[in-house]
Amino acid sequence: MEPLPNGTVHGLLADYNGDSIPKAGMLFVRSDADLGNGTKVHARADETGYYETTIPPGDWNAYFAGTLSGEQTNLLLVGTVKIVSGAWTRLDYFLKSDRLLTGRFTASPADLQQLGVLKGNALELEIEIRKRGNDRLVAHSTIIWANVPARDWDPTKQDALVVNPDAFQIAGLQPDEYDLRIVLPGEVDDPRTGKPKRLALTRTADLTLASAELPTEELRLSQFITATLAQ
């Protein structure tokens, strides 16, 4: 059987004051799929904040991606949209708050090497932002850990590297308390169950009264293993 024709999703993206956001992004992921592995459809707004894209019919989770910068992508969950074959579906999104959450997580060169982050390679650290208490995912961010040649790189030392951590910034979070689940690629076997578990740490952020900036923190691979096995 031939697949059904796509539907079209379109809308306007605007900030907390109602001003359009030029070149802002939207990301659509199948609602029954994982964000990291599911089928994705990207859309980019024009200079007026209007976006439009075609998507296969079905239920899709919609994420507001802000203005993308390089490899860093911050995603704010908008909701689920139902796409009907051959039909147009309107999905506007206005940021509901002026709250901003920022942070930076680094890693030591030794841990990066152990994680397989060598010269020319990179590793994505996922950050899931969930409301405290009900564990509902409200936003997602990615930090890129990489080794790159230092500015004063000595060509006689072929392995001269410097750690190049990235930071995350998410706008539009509502005043509330949040849990940040920081997830590394990879798993560790739980000795109690024999089943693999994702390597993850948890941090907290309170945006009840104002925006929040987390202190820069160097994370160790041993922290992820210890915390994961303790869950």
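Residues numbered from 1 in each chain as written. Predicted model: local features only at pLDDT ≥ 70, side-chain atom pairs only at ≥ 80, totals over all residues. Heavy atoms only, no water.

(A) Broad picture of the overall build of the chain. For the chain, the helix and strand inventory stands at 2 helices and 17 strands. Taking the contacts inside the chain whose residues are at least 6 apart along the sequence as the reference set, 67% of them involve residues at least 24 apart. Counting only carbon and sulfur atoms, one obtains 49% of the accessible surface of the chain, whose full area is about 12500 Å². (Helix = DSSP H or I, 4+ residues; strand = E, 2+ residues; numbered from the N terminus. Contact = heavy atoms within 4.5 Å. Areas by Shrake-Rupley, 256 points an atom, 1.4 Å probe, with all protein chains shown as cover.)

(B) Spotlight on the nonpolar core. Within the largest apolar cluster, 50 residues are counted, with the highest numbers of intra-cluster contacts made by Phe-28, Leu-101, Phe-105, Ile-129, Trp-145 and Leu-173. Formed by 6 residues, the second largest nonpolar core is a distinct cluster that contains Leu-27, Val-29, Tyr-63 and Leu-75. (Core = buried A, V, L, I, M, F, W, Y, C linked by side-chain atoms within 4.5 Å. Buried < 20%, exposed > 50% of the residue type's maximum accessible area, 1.4 Å probe, protein only.)

(C) Expanded view of the pattern of salt bridges. The tally for this structure, following the rule as stated, stands at 12 salt bridges. Between Asp-179 and Arg-132 there is a salt bridge, with its nearest N and O atoms 2.8 Å apart. Of this pair, Asp-179 sits in strand β14 (residues 177-189) while Arg-132 sits in the loop between β10 (122-131) and β11 (137-148), and the two are 47 residues apart along the sequence. (Salt bridge = Lys/Arg side-chain N within 4 Å of Asp/Glu carboxyl O.)

(D) Unusual backbone geometry, seen in detail. With a phi close to 65 degrees, Lys-23 is a non-glycine residue in the positive phi region. Summarising the element assignment, Lys-23 is placed in the loop between β1 (7-14) and β2 (25-30).

(E) Main features of helix α2 (residues 221-230). Regarding α2, the residues found buried are Leu-221, Phe-224 and Thr-228. Relative to the axis of α2, the buried residues are bounded by an arc of 60 degrees and lie together on one face. Exposed residues on α2 whose side chains face more than 90 degrees from its buried face are Thr-226 and Ala-230. At its buried positions, α2 is contacted by α1 (109-114), β10, β14, β15 (196-206) and β17 (217-219). (Arc of directions from axis to C-beta.)

(F) How the structure looks around the pairing of β1. Among the 8 residues of β1, 7 are classified as buried, and the element is accordingly described as predominantly covered. Pairing of β1 with strand β4 (residues 50-55) involves 6 bridges; the strand directions are antiparallel. Residue pairing across strands places Gly-7 opposite Ile-55, the latter belonging to β4. Two strands pair when backbone bridges link them, and β1 and strand β7 (residues 88-90) are joined in this way by 3 bridges, in the parallel orientation. Note on β7: the bridge partner recorded for Val-9 is Thr-89. Of the pairings in the sheet, the one linking β1 to strand β8 (residues 93-94) comprises 2 bridges and is parallel in character. Among the inter-strand pairings, Ala-14 is bridged to a residue of β8, identified as Phe-94. (Pairing = 2+ DSSP bridges.)

(G) Focus on the environment of Gly-18. Here Gly-18 is to be found in the loop between β1 and β2. Of the residues examined, Gly-18 reaches a relative accessible area of 41% and is grouped as partly exposed. Spatially, the C-alpha atom of Gly-18 lies 8.2 Å from that of Leu-95, the residues being 77 residues apart in sequence.

(H) Seen up close, the pairing of β2. Counting buried residues along β2, 5 of its 6 residues qualify, which places the element largely inside the surrounding structure. Relative to strand β3 (residues 40-44), β2 runs antiparallel, the two sharing 5 bridges. Note that in β3 the partner of Met-26 across the bridge is Ala-43. With 6 bridges joining them, β2 and strand β5 (residues 58-66) adopt antiparallel strand pairing.

Any link to function would need more than the numbers given here.
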